[in-house]
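Coordinate inspection notes
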Amino acid sequence: MKKKLSGFIPFLSALVLLLAGCQQELASVKTEAAFILPEEAAIDGLKLTHVSQGDFDSDSVKGKWSLFFFGYTHCPDVCPTELYRMAEMMGKIEAAAGLKMESPQVVFISLDPQRDTPELLQKYVGFYHPSFLGVTGEQSTIDRLAKSMGVYYQRVYHLNGKVLDPVSQENVPEGLENSYLVNHSAAIFLINPRGKLQAVLTPPHDPDVMIRDISSIQSAWR
Amino acid sequence: MKSNTSRALGTLLLSLLAFSVAAEELMITNPWVRSAPPNAPALGVFMKLSNHSSDEIAVVEVRTSLEVSHAEMHRTVMTDGVMKMIPQKQIPVAAHSSTELKPGSWHIMLMQPEQVPVMGDSVHLTLVLSDGTEQMVVATVRKGEMKMDSHSHEMKMD
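Nothing here was measured: the structure is a model prediction, and the numbers come from that model.

A word on the packing of helix α2 (residues 78–95) of chain A against helix α5 (residues 207–220) of chain A
All names here are of chain A. Across the interface, α2 lies against α5 with an axial gap of 8 Å and an inter-helix angle of 60°. Taken together, the axis directions place α2 and α5 in an arrangement best described as oblique. Handedness of the α2/α5 crossing: right-handed. Mapping the contact onto sequence places Arg-85, Met-86, Glu-88, Met-89, Lys-92 and Ile-93 in α2 and Pro-207, Asp-208, Met-210, Ile-211 and Ile-214 in α5. A class-by-class count of the residues in the contact of α2 with α5 yields seven nonpolar, no polar and four charged.

Spelled out as structure tokens, the structure:
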């Protein structure tokens, strides 16, 4: 019996270590700015359009890592800042040959399909990095997608320095129909190769921190 | 006639002096326009405004020689993870203090540019101040990459 146990204990230890190794995976990954979801979350409403790729849906995010950012081209400050930061991140990933990480697909999702046509959107987004994709769709689909990912946004009209709130589409003062701003969440969402939401990168977004966090998540993910 | 001429000359000198005093009171450094896509509906303009006087000065209007629909003054504020852009009637600069126009904070927006200027271009701006004086600024278009400043932990621009 004793003999049998002596052989069993190392086996058991190895099994425990192996299991611990598996559990260590994402739960114990130390990130600097990313919030890792305890369990990957399904995304609803990913039925969007890209100007040249056509449908942008759940198949478009499978087998690769993606970063989603919600914004709009009339966004005066936040979106250009975030796009520049992600472009800088991409430049650093491309420049670092020894970096053990998969380059993510960066997707800019318009919260303003009324003004952002697929053509305008891609021209705008592609300026920051040629690989960036700008996608848009029906307002109701975007609403569903945003809701499923916890993205808050609100259309706001201003008149003479005052916020007109709340405003429905029907009672917007004449001449202001296209003047609205969209207040929105500034988080960046990391989608895993199964097409599920895996982590949320909270602002401010430092390109180096994003690289380290994404790389840590990728190496622990399976 | 002679006295009239000298009076006119005196007034001119005085107004020139007044202009230079006002200009010295509000010092503008590092003005720049963030390089944007060719179809960008808005352009961000940033600079540092330093007030060397003992009175508050505010920028109350911005004009530009660039073909735009109009210029606005804005402030970006983050509350509960949501970025809010709030149009401002003025940009105040407290006495012996400075206000920095930078991404994610105070900034000037040039709306609906006819043609988006490219890297290296100069954009001429006129800032109208609360004391009625005007100040000319030439801002250069450059890239808007962010860098973390390890000393202050603030986001800085290249």
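Some remarks on the state of the cysteines
All names here are of chain A. Taken as a whole, this structure holds one disulfide over all chains when the rule is applied. Here Cys-75 is linked by a disulfide to Cys-79, with a sulfur-sulfur distance of 2.4 Å. When the S-S torsion is 90°, as for the bridge of Cys-75 with Cys-79, the disulfide is right-handed. Just as Cys-75 is buried, Cys-79 falls in that class too.

Focus on helix α3 (residues 118–128) of chain A
Residue and element names in this part refer to chain A. Among the residues making up α3, those that are buried are Leu-121, Gln-122, Tyr-124, Val-125 and Tyr-128. The buried residues of α3 occupy an angular sector of 165° when projected down its axis, which confines them to one face. Where α3 is buried, its residues meet β2 (47–50), α2, β5 (105–110) and β6 (133–136).

Quick notes on the interface of chain A and chain B
It is common to report an interface's size as the accessible area lost on association of the parts. On the chain B side, the residues contacting the 28 residues of chain A number 32 residues. For the chain A face of the interface with chain B, the top three residues by lost area are Pro76(A), Asp77(A) and Tyr84(A), together amounting to 25%. One can count one salt bridge joining chain A with chain B. Linking Arg34(B) and Asp77(A) is a salt bridge whose minimum nitrogen-to-oxygen distance equals 3.2 Å.

Things to note about the sheet that holds strand β11 (residues 197–201) of chain A
Residue and element names in this part refer to chain A. The mixed open sheet is built from eight strands, whose spatial order is β1-β11-β10-β4-β5-β6-β2-β3. Two strands close off the open sheet at either side, each with one partner strand: β1 (34–41) and β3 (54–57). Each neighbouring strand pair of the sheet contributes to a mean axis angle of 30°, computed without reference to strand direction. Pairing of strand β4 (residues 66–71) with β5, which is carried by six bridges, proceeds in the parallel orientation. Of the residues in β5, the one forming a bridge with Phe-69 is Phe-108.

Looking at unusual backbone geometry
In this structure, Pro204(A) follows Pro203(A) across a cis peptide bond, with omega equal to 0°. Tracing the chain through its elements places Pro204(A) in the loop between β11 and α5. One non-glycine residue, His96(B), lies in the positive phi region at around 50°. Along the chain, the position of His96(B) falls in the loop between β6 (91–93) and β7 (97–101). The phi angle at Gln112(B) is positive, at roughly 50°, despite the residue not being glycine. With respect to the helices and strands, the residue Gln112(B) is situated in the loop between β8 (106–111) and β9 (122–129).

What to know about the environment of Gln154(A)
All names here are of chain A. Within the fold, Gln-154 resides in strand β7 (residues 153–159). Gln-154 sits in the partly exposed class, given a relative accessible area of 26%. For Gln-154 and Tyr-180, which are 26 residues apart along the polypeptide, the C-alpha to C-alpha distance reads 9.9 Å.

Looking at the pairing of strand β9 (residues 181–185) of chain A
For β9(A), the tally of buried residues reaches five of five residues, placing the bulk of the element in the interior. In terms of strand pairing, β7(A) meets β9(A) through four bridges, oriented antiparallel. By the bridge assignment, Val156(A) is partnered in β9(A) with Leu181(A). Alignment of β9(A) against strand β5 (residues 82–88) of chain B, held across two bridges, turns out to be antiparallel. By the bridge assignment for β5(B), Ser185(A) is matched with Val82(B).

Brief notes about the side chain of His107(B)
Structurally, His107(B) can be placed in strand β8. Overall, the relative accessible area of 0% leaves His107(B) in the buried class. At 2.8 Å, the side chain of His107(B) forms a polar contact with the backbone oxygen of Ser105(B). Here His107(B) is in contact with Asp77(A), Val45(B), Phe46(B), Glu72(B), Met73(B), His74(B), Arg75(B), Thr76(B), Met85(B), Ile91(B) and Leu101(B), once residues within four sequence places are set aside.

A look at the packing of aromatic side chains
Residues and elements named next belong to chain A. In total, this model carries eight aromatic pairs over all chains according to the counting rule given. Between Trp-65 and Trp-221, the ring centres sit 5.3 Å apart and the planes meet at 75°, which makes this aromatic pair edge-to-face. Separated by 156 residues along the polypeptide, Trp-65 in the loop between β3 and β4 and Trp-221 in the segment after α5 bring together distant segments of the chain. On the accessibility criterion, Trp-65 (1% relative accessible area) is buried. The interplanar angle of 85° and the centroid separation of 5.0 Å between the aromatic rings of Tyr-84 and Tyr-128 together place this pair among those described as edge-to-face. Taken together, the positions of Tyr-84 in helix α2 and Tyr-128 in helix α3 put the pair 44 residues apart, joining distant regions of the chain. The exposure classification of Tyr-84 matches that of Tyr-128, with both residues buried. Cluster of aromatic residues (ring-pair linked, three or more members): Tyr-84, Tyr-124, Phe-127 and Tyr-128.

Calculation criteria
- Residues numbered from 1 in each chain as written.
- Chains lettered and ligands numbered in written order.
- Predicted model: local features only at pLDDT ≥ 70, side-chain atom pairs only at ≥ 80, totals over all residues.
- Heavy atoms only, no water.
- Axes fitted to C-alpha atoms, helices over the stretch in contact; angles between N-to-C directions.
- Helix = DSSP H or I, 4+ residues; strand = E, 2+ residues; numbered from the N terminus.
- Parallel < 35°, antiparallel > 145°, perpendicular 65-115°, else oblique.
- Left-handed = near helix turned anticlockwise from the far one by under 90°.
- Contact = heavy atoms within 4.5 Å.
- Nonpolar A, V, L, I, M, F, W, Y, C, P; charged D, E, K, R; others polar.
- Disulfide = S-S within 2.5 Å.
- Buried < 20%, exposed > 50% of the residue type's maximum accessible area, 1.4 Å probe, protein only.
- Arc of directions from axis to C-beta.
- Buried area = accessible area lost by both parts, 1.4 Å probe.
- Salt bridge = Lys/Arg side-chain N within 4 Å of Asp/Glu carboxyl O.
- Pairing = 2+ DSSP bridges.
- Polar contact = N/O pair within 3.5 Å; in protein donor to acceptor, adjacent residues only side chain to side chain.
- Phe/Tyr/Trp six-rings, centres within 6.5 Å; stacked < 30°, edge-to-face > 60°.

So far we have only geometry, and geometry alone does not tell us how the molecule works.
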